[in-house]
Amino acid sequence: MALFKTRNSRRSSSPSYVSTLVTLGFIALCVFGVWMLNSNSRLSSQPGEEESTATTTRTAVDTSETRNNDLSTSAGTTSKNTEETVETTTVVPKTEEQKETPTAVYGDNPGHLPEDAIKSDDKNINNDQNKQQSAVTDSQISEESSIMQKEQVSAIQESSLDEKASEPEKVQQSGIEASEENKKEEENTKPQDVTESNDANVAESQEQSTGQQSLDTQGSKIDEDEANKEQLREDKGESEEKQSSQSSKVESEKNTGKQSEGEETVKPKAKKGGKSKKTWTTQVDQSQNEKKRQKGDESEGSEEKQQDNKWNLCNVTAGADYIPCLDNEKAIKMLHSTKHFEHRERHCPQDAPTCLVPLPEGYKTPIRWPNSRDKIWYHNVPHVMLAEVKGHQNWVKMTGEYLTFPGGGTQFIHGALHYIDFLQQAEAGIAWGKHTRVILDVGCGVGSFGGFLFERDVIAMSLAPKDEHEAQVQFALERGIPAISAVMGSQRLPFPNGVFDLIHCARCRVPWHVEGGKLLLELNRVLRPGGYFAWSATPVYQKLEEDVEIWKEMTSLTKAMCWELVTINKDELNKVGAAIYRKPTSNECYEQREKNEPPLCKDDDDPNAAWYVPLQACMHKVPTNKAERGAKWPEVWPQRLKKAPYWLNNSQVGIYGKPASKDFVEDTERWKNVMDELTNIGVTWAKVRNAMDMRAVYGGFAAALRELPIWVFNIVNIDAPDTLPIIYERGLFGIYHDWCESFSTYPRSYDLLHADKLFSKIKERCKLVPVIAEVDRIMRPGGMLVVRDEPSTISEVETLLKSLHWEIIYSKEQESLLSARKGTWRPITVASSS
């Protein structure tokens, strides 16, 4: 008002008269505004009417030419006085405190309103500073109208807040979200606006924004609508795809599965105007169940906070023999049925364990191969039930402080070697170590059959459940024989289609003939066309009523499956017999069957899908295209080891970016000198028998160690390109696995673990600490871990290993290489029971 008086004294009476009228009009409008405020605070408005009024007023303010952002110096005093009057009715409790500390506008709101509701507008703050001096020259009428509108909106908003104090979420929805969106956009585009504002202007802007929380002076209604639409798109996960310059690549990854081979992976691009090159599939792609599982786990995230790495002993009933995915008692108790041996299948804990498995009392360094084939330390696997029950069958015997293995079994009491030769004499086409190289031994017992096949240059994947035959697979692993705990129940075995040269079952007690032969049809899936099934069981040679009935049903089933009964022979020494069947190499028999039983699988049923895929009682057709995998038998061993498979052609881009056949050769060259390399970083090969390549590609690491008396278990990760068929074609073996879960093996199984770019990939999907705990579980004391990875990952793994008291043998981050040896340290504290 002092400004008006100064101007009046310098002007003539006529202008003074006009100025007086303007001043009186301004005062009248102010009084009218105060009256409106008091009237609204006394009246009880309907929520719908309040919202409508606020929206109408907001639209008028938003479309104003001046944007109503700035108050002139002449009106400053009156505006502040009016706002102080309004402030007495607000629900925000700490306006004075915010005046004293202007930066609190960007902090947490201590009141009942959400944080967004008390944030001032960045552009508003900046405009107050820049335009305060120029506002004096603006039209006085426009200024008065602007002030009146602001006061009216402020009064309406404050009245609305008073009546809705108990419903903050409704207030928040009346415009705060749009305001926050515009605020975020403004902060991203002009962050300097905030830093250039002085404390006085921030405080003044805070007073103004407190009374008009739903008012957004930054943009128009169109901007608000766009912001709201953008928010909805973000909520649906669409925003990132639209904003990404590589959206087509992201979509391609969703359809074909991520290539998880790190920097070496090349995703083939489609040629313009021509055919796109064949892409790799993964188990995640092939298994619909796994897609759902992975989708369900996405929320868990891969980032993990730095932990104090305080380790505890596992508090589980299984004790020193704990296998997390097979000993999940909580999940097993919730099963609705065990008819199909569901209780023996994998049921992994929702959160992978981070506890450590204790050592058996009196544990000693395992006996080295080949002596371990015949005896092991009793205290390393302190179980005697099998020795008591099967001792007369030469499975296992207790001899002092040793458990000894005479090499016998239920069907070959007089030794495995005699039995192995008996099978080849029965069918010369088996040709151990030449035609037949990789076999599956179902119901392996203590693994003697597979253990003695090494002498015939054959490797066997021994498989048996963790059941009443106590620790049979653990015996096999302690002896240095490949084995895994698994059961043929309700799900497919974790192997590709058509990869085993021969499948063996010596009185394995599997009911092959029931439920349409579902279990035998699973063997048909993993058996190579032209491969053999050797069945040595009582129905083959005994005449008991039950055996006769089973033989009749098996005969009918195998004929319907088009399996040829090659021979039935009796071993006079062991007094047992064996029936040997052969899988067809063409579809002719399938087409000529009178009944379609068992039925052929549907065309969309991928025979290679094997990770958590339910069993189907059907058969897949045999490949007929001569260039397709399975149409021809592999090269004889050992030529097949180094020669690229005939079906691996240049239409497919390899893992390292070259045509697949050339990529295969490059992988072989890459690992050619790995034995010398690992020797230089502390690996003593004489102490290594059981080895695992935790992230195999073409199996080159295992191929490079072929001359050593060790076996290598190749693991192909479920989210990696499915190269496992190539590994089998080379005469090696492996399995599908997800390292975000525990492996199906007993503790203390392996002497050497090799992880090439594994851990950096794992961190994209799950936490690293449980994976390192799993590495510690399956590693024998004295065993070694070799890691090749990114420097940051090398450092992280080294830190975790040190917390486990592992000895770091070699660590060069610049070389991306680490080797460490496990000791015998175990924590004293025990984890709390879950």
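Before going into details, it helps to say that this report is about the structure given with it. (Residues numbered from 1 in each chain as written. Predicted model: local features only at pLDDT ≥ 70, side-chain atom pairs only at ≥ 80, totals over all residues. Heavy atoms only, no water.)

### Examining empty space enclosed by the protein
Unoccupied space between atoms shows up once a probe the size of one water molecule is rolled over them. Applying the stated criterion across every chain yields a total of 10 cavities of 30 Å³ or more. Approximately 290 Å³ is the volume attributed to the largest cavity. Lining of the largest cavity is provided by 20 residues; of these, Arg346, Ala486, Arg492, Pro494 and Ser744 occupy positions nearest its centre. Ranked by residues supplied to the lining of the largest cavity, first place goes to strand β13 (residues 734-737) with three residues. A per-class count over the lining of the largest cavity returns 12 nonpolar, four polar and four charged. (1 Å grid on protein atoms, 1.4 Å probe; cavity = no way out; pocket = protein on both sides within 12 Å on 5 of 7 lines; lining within 4 Å. Points joined across faces, edges and corners; volume = space filled by probe spheres on them. Helix = DSSP H or I, 4+ residues; strand = E, 2+ residues; numbered from the N terminus. Nonpolar A, V, L, I, M, F, W, Y, C, P; charged D, E, K, R; others polar.)

### Side note on the pattern of salt bridges
Note that side chains of opposite charge can pair when their charged atoms are close. Under the counting rule described, the total for this entry stands at 32 salt bridges. One salt bridge connects Glu635 with Lys643, and the closest N-O pair in it is separated by 3.2 Å. Take Lys643: its relative accessible area is 47%, and that puts it in the partly exposed class. Among the ionic pairs, Lys802 bridges to Glu798, the shortest N-O distance being 3.2 Å. Taken together, the residues Lys802 and Glu798, both in helix α33 (residues 791-803) and four residues apart, mark about one turn of the helix. The buried category is assigned to Glu798, whose relative accessible area is 13%. A single network of salt bridges, built from pairs that share partners, joins Arg437, Asp457, Arg706 and Glu707. (Salt bridge = Lys/Arg side-chain N within 4 Å of Asp/Glu carboxyl O. Buried < 20%, exposed > 50% of the residue type's maximum accessible area, 1.4 Å probe, protein only.)

### A short note on the packing of aromatic side chains
The description of an aromatic ring pair rests on the distance of the ring centres and on the angle between the ring planes. In total, this model carries 24 aromatic pairs according to the counting rule given. Each ring, one from Trp535 and one from Trp551, has its centre 6.3 Å from the other, and the planes form 10 degrees; the classification is stacked. Of the two residues, Trp535 is situated in strand β8 (residues 527-536) and Trp551 in helix α24 (residues 545-560); the sequence distance between them amounts to 16 residues. We classify Trp535 as buried; its relative accessible area is 4%. Taking 5.0 Å as the distance between ring centres and 80 degrees as the angle between the ring planes, the aromatic pair formed by Trp611 and Tyr612 counts as edge-to-face. On the accessibility criterion, Trp611 (4% relative accessible area) is buried. (Phe/Tyr/Trp six-rings, centres within 6.5 Å; stacked < 30°, edge-to-face > 60°.)

### Examining the side chain of Thr793
By secondary structure assignment, the location of Thr793 is in helix α33. Among all residues touching Thr793, those that are not within four sequence positions of it are Phe759, Ser760 and Lys763. (Contact = heavy atoms within 4.5 Å.)

### Here's the deal with helix α32 (residues 768-778)
With 11 of 11 residues buried, α32 is to be regarded as a mostly interior element. Within α32 the residues assigned to the buried category are Leu768, Val769, Pro770, Val771, Ile772, Ala773, Glu774, Val775, Asp776, Arg777 and Ile778. Residues of α32 that are buried in the fold lie against β11 (690-693), β14 (750-756), α31 (759-762), β15 (779-788) and α33.

### Examining the environment of Glu628
You can see Glu628 is positioned in the loop between α25 (588-592) and α26 (639-642). Between the C-alpha atom of Glu628 and that of Leu648, which follows or precedes it by 20 residues, the distance is 8.9 Å. What Glu628 contacts, discounting residues up to four positions off in sequence, is Pro623, Tyr646 and Trp647.

### Description of the sheet that holds strand β1 (residues 375-377)
Read across the sheet, three strands follow the order β1-β3-β2 without closing on themselves; strand pairing throughout is antiparallel. Edge positions in the open sheet fall to β1 and β2 (397-399), since each of these has one partner strand only. When the angles between neighbouring strand axes are averaged without regard to direction, this sheet yields 30 degrees. Of the strand pairs in this sheet, β2 and strand β3 (residues 402-404) are connected by three bridges, and their pairing is antiparallel. Its bridge partner being in β3, Met398 is matched across the sheet by Leu403. (Pairing = 2+ DSSP bridges. Axes fitted to C-alpha atoms, helices over the stretch in contact; angles between N-to-C directions.)

### Some thoughts on unusual backbone geometry
Across the junction of Trp369 and Pro370, the peptide omega takes the value 5 degrees, indicating a cis bond. Secondary-structure assignment places Pro370 in the loop between α17 (329-333) and β1. In this structure, Pro638 follows Trp637 across a cis peptide bond, with omega equal to 5 degrees. Along the chain, Pro638 turns up in the loop between α25 and α26.

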